[in-house]
Amino acid sequence: MSFQPLPDVTDDSAAFWQGGVDGVLRIHRCRQCSTWFHPPTPVCPECLSMDVGPEATSGRATVQGFSVNMQPWAPDMEVPYVVAVVSVTDAPGVQLTTRLVDVSPDAVTVGMLVEVIFQHVDDIYLPLFRPVIEPSEAS
Amino acid sequence: MNTNRYLGQRIGERDAVISGIGRSVVGRKLGRTGLSLTVESALRAIEDAGLSRDDIDGLSTYPGMMNASPGMSPCGVTDVQDALRLKLNWFSGGGETPAQLGAVFNAVAAVAAGLANHVLVFRTVTESSAQTAHRRASVVGSGGDRIGGPMQWMVPFHAVSAANWVGIYAQRYMHDYGLSREQLGQIPLNQRRHAARYDEAIFREPLSMDDYLGARMVSWPLGLYDCDIPCDGSCALVVSRADAAPDLKQVVRIDAIGSALTGRNSWDQRADLTETAAHDCTKMMWARTDLTIDDVDTVQLYDGFSFLTITWLEALGFFPKGEAGPWLEAGESRIGIGGEVPLNTNGGQLSGGRLHGYGYLYEACAQLRGDATGRQVEGAEVAVVGAGGGPLGGCMILTKDR
């Protein structure tokens, strides 16, 4: 797809947007009270500590809701595609809006287990998600 | 000590009233400038209030002048103050408010604080004309620049339209509670029936359930008729000090405002993806009034997308959580004019045009004043207006002067 708006990277968001350089989905976490949070900010929303920073996750997530977009919003946009909100398995309370790939729109369900796959554009690694293929580990 | 977090020392919104309302011509591709439409609605509202230009000492708008998003807000405080040479004691224009009606809440606060006596409030859109120009109106990310702020978490994933964000909510509600497309379709069908009774509405020809179900999908489960209509137009009102309104016969009282945001300010971080800011601000509104849901004669609730109206109805308490589907099945006898809860009696934004929150307020005032020719809810004395979706919402309960 050639329609590809990109985010403006800041010190706070760099680990999220560029973490994919080594294939890792990184989410902000408080080093004092261990709370995960997103979007990344310089302060823990729970205990207000500023001792926070990005931490690696497994990159796995669960689909919480989705929509199958049929409308080309820009002339060079390919449709259909699936946008979704997923909850990050290792980071309780953290959800991401993303696009699901390598899956038929008809096959997407709430509760589907997905894993991150990065799309590299310029200096950005967009965390897209695809269904987990191998059987998931018992939790 | 007062333990109700929503109550201050007084209900200050009762010190202000809506003394006048005005609408410009509203339509598709009018080819008029935003300022031209705004002056038309503003002068009508001032005249309707029984005031003159020189009486206006406050000015408020949402979301302020926006160049980056074509047609979304083509003029702001600066243009209108200068065009009308207003002599202002107080003014405000901006978008970081409790959704679209935030400009009204600001005006009410200014009047209650004694900073102004008569505040002109306006909201103007030229999205229809903008669409016919070079690019789609109000689509983020079509400009080529890097994206900052809240949009950066959605737009790079091609979740570029509110149809996508609301579509996700609607999908999850359908998954959890079994809401069907047919049940959701009761909302656009209702609005179209009402538009047929209002000659200022944009789409007035009958809409059948087959039409609704057969229309093309935009972002599943939302189809074409679940999305409102971009239009050109302007709404204005005058918020006055209660003891300074010239014509008390037509005054609309503000019994309570709901401006709360207690959940995440985000489309994707709320723990329950079937709830929106409507669930925050309605709690505040009900805590500030002695009126109850049984007193409400009509509701004018945001329908930028049909599903958002469901979140408002549910948040206000018209049915228990998750039970929108069966409740809506009653159709016209439930939400029609003459039904239990007459909803969006001017056709809403789905059939009337996206005046972005202010069409609902105008209509609520018209109903309470008994001026809703052809669509009047008999004996309407109490109305609820709610605007916004997702992370932002604001609402008011309005009463007829008695």
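The coordinates are above.
Residues numbered from 1 in each chain as written. Chains lettered and ligands numbered in written order. Predicted model: local features only at pLDDT ≥ 70, side-chain atom pairs only at ≥ 80, totals over all residues.

Student: Is there a simple way to explain the overall build of chain A in this structure?
Tutor: Regarding its fold elements, chain A presents one helix and eight strands. Its helices and strands taken in sequence order, chain A reads α-β-β-β-β-β-β-β-β from the N to the C terminus. Relative to its length of 139 residues, chain A is compact, with a C-alpha radius of gyration of 16 Å against a globular reference of 14 Å. Counting only C-alpha atoms, chain A reaches 45 × 35 × 25 Å along its principal axes. Out of the 139 residues belonging to chain A, those deemed buried represent 35%. Relative to all contacts within chain A whose residues are 6 or more apart in sequence, the contacts with residues 24 or more apart total 51%. (Helix = DSSP H or I, 4+ residues; strand = E, 2+ residues; numbered from the N terminus. Rg over C-alpha atoms; globule rule 2.2 N^0.38 Å. Buried ≥ 20, exposed ≤ 12 C-beta atoms within 10 Å, placed from the backbone. Contact = placed C-beta atoms within 7 Å.)

Student: In this structure, what is going on with the overall build of chain B? I would like to understand it.
Tutor: Broken down by element type, chain B carries 13 helices and 11 strands. The globule rule puts the C-alpha radius of gyration for 402 residues at 21 Å, and the 20 Å found for chain B is close to it. Overall size of chain B, expressed as C-alpha extent along the three principal axes, is 55 × 50 × 45 Å. The buried share among the 402 residues of chain B stands at 59%. Taking the intrachain contacts of chain B between residues at least 6 apart in sequence as the baseline, contacts between residues at least 24 apart amount to 77%.

Student: Teacher, can you tell me more about the pairing of strand 1 (residues 26-30) of chain A here?
Tutor: Working note: regular strand, side chains alternate between the two faces of the sheet. All names here are of chain A. Counted residue by residue, strand 1 has five buried out of five residues, so it is predominantly covered. The side-chain alternation of strand 1 yields two buried faces, one formed by Arg26, His28 and Cys30 and the other by Ile27 and Arg29. Both strand 1 and strand 3 (residues 52-56) contribute to a ladder of five bridges, which runs antiparallel. The residue bridging arginine 29 from the neighbouring strand is glycine 53, located in strand 3. Where strand 1 folds back on strand 2 (residues 36-37), the antiparallel hairpin that results is connected by five residues, among which serine 34 adopts a positive phi of roughly 70°. (Pairing = 2+ DSSP bridges.)

Student: Where do I start with the interface of chain B and chain A in this structure?
Tutor: Many analyses report the size of an interface as the accessible area lost when the parts associate. Each side of the interface is counted separately: chain B has 32 residues, and chain A has 27 residues. For the side of chain B that touches chain A, the elements supplying multiple residues, two or more each, are helix 5 (162-177) and strand 5 (217-220) of chain B. When its residues are assigned to classes, the side of chain B that touches chain A shows 16 nonpolar, 12 polar and four charged. Bridge count between strand 4 (residues 60-69) of chain A and strand 5 of chain B: two bridges; the pairing is antiparallel. By the bridge assignment for strand 5 of chain B, Val68(A) is matched with Trp220(B). (Nonpolar A, V, L, I, M, F, W, Y, C, P; charged D, E, K, R; others polar.)

Student: Quick question: what am I supposed to make of the packing of helix 6 (residues 181-195) of chain B against helix 9 (residues 306-316) of chain B here?
Tutor: Two numbers describe a pair of packed helices, the interaxial angle and the distance between the axes. All names here are of chain B. Two numbers describe how helix 6 lies on helix 9: the axes approach to 9 Å, and their chain directions differ by 100°. One way to sum up the angle between helix 6 and helix 9 is to call them roughly perpendicular. For the pair helix 6 and helix 9, the contacting residues are Leu184, Ile187 and Pro188 in the first and Ser306, Phe307 and Thr309 in the second. Taken together, the residues of the contact of helix 6 with helix 9 break down into four nonpolar, two polar and no charged. (Axes fitted to C-alpha atoms, helices over the stretch in contact; angles between N-to-C directions. Parallel < 35°, antiparallel > 145°, perpendicular 65-115°, else oblique.)

Student: Would you take a moment to explain the sheet that holds strand 3 of chain A for this structure?
Tutor: Strands in a sheet are paired, the pairing made by backbone hydrogen bonds, and the direction either parallel or antiparallel. All names here are of chain A. The antiparallel open sheet is built from three strands, whose spatial order is 2-1-3. The two strands at the open ends of the sheet, each matched to only one other strand, are strand 2 and strand 3. Across two bridges, the pairing between strand 1 and strand 2 is antiparallel. The residue bridging arginine 29 from the neighbouring strand is tryptophan 36, located in strand 2.

Student: Mind showing me how you'd approach the sheet that holds strand 8 (residues 252-258) of chain B here?
Tutor: Residue and element names in this part refer to chain B. Spatially, 3-2-4-7-1-8-11-10-9 is the arrangement adopted by the nine strands of the open sheet, whose pairing is mixed. Bordering the open sheet on either side are strand 3 (90-93) and strand 9 (298-301), each of which pairs with just one other strand. The sheet shows a mean angle of 25° between the axes of neighbouring strands, taken without regard to direction. Pairing of strand 1 (residues 16-23) with strand 8 involves two bridges; the strand directions are antiparallel. Bridging from a neighbouring strand, isoleucine 18 pairs with valine 252 of strand 8. Across the face of the sheet, helix 1 (residues 34-48) comes into contact with strand 1, strand 4 (118-126) and strand 7 (232-241) while running at roughly 35° to strand 7. Relative to the sheet, helix 8 (residues 278-287) contacts strand 8, strand 10 (382-389) and strand 11 (392-400), its axis offset from that of strand 11 by approximately 35°.

Student: Which parts of the structure should I look at to understand the pairing of strand 7 (residues 113-121) of chain A?
Tutor: Residues and elements named next belong to chain A. Looking at chain direction, strand 4 and strand 7 are connected through three bridges and run antiparallel. Residue pairing in the sheet places arginine 60 in a bridge with glutamate 115 of strand 7. Bridging between strand 7 and strand 8 (residues 124-131) involves eight bridges; their strand directions are antiparallel. Each residue of the ladder has a partner; that of glutamine 119, found in strand 8, is leucine 126. Connecting strand 7 to the next strand, strand 8, in antiparallel fashion are two residues, including aspartate 122 with a positive phi near 55°.

Student: How do you make sense of the environment of Arg99(A) when you look at a structure like this?
Tutor: You can see Arg99(A) is positioned in strand 6 (residues 95-100). Residue classification places Arg99(A) among the buried residues on the basis of 22 C-beta atoms within 10 Å. Distance in space between the C-alpha atoms of Arg99(A) and Asp11(A) is 24 Å, their sequence separation being 88 residues. Excluding anything up to four places from it in sequence, Arg99(A) contacts Tyr81(A), Val82(A), Val83(A), Leu128(A), Phe157(B) and His158(B).

Student: Can you help me understand the nonpolar core in this one?
Tutor: Soluble globular proteins: nonpolar side chains tend toward being buried together. Core analysis: the largest hydrophobic core is formed by 145 residues, its most contacted members being Val108(B), Leu120(B) and Val239(B). With residues up to four places along the chain from it excluded, the contact list for Leu120(B) reads Ala42(B), Ala45(B), Ile46(B), Ile56(B), Gly58(B), Leu59(B), Ala236(B) and Val238(B). (Core = buried A, V, L, I, M, F, W, Y, C linked by C-beta atoms within 7 Å.)

Student: Explanation requested: helix 1 of chain B in the structure shown.
Tutor: For an α-helix, 3.6 residues make a turn, and residues three or four places apart therefore share a direction. All names here are of chain B. Here helix 1 contains 15 residues, and its C-alpha end-to-end distance of 21 Å stays within 8% of the 21 Å for a straight helix at 1.5 Å per residue. For helix 1, the set of buried residues is Gly34, Leu37, Thr38, Val39, Ser41, Ala42, Ala45, Ile46 and Asp48. Looking at the buried side of helix 1, the elements it contacts are strand 1, helix 2 (77-83), strand 4 and strand 7. Where helix 1 terminates, the next one or two residues include glycine 50, which has phi positive at roughly 80°. (Expected span 1.5 Å × (residues − 1).)

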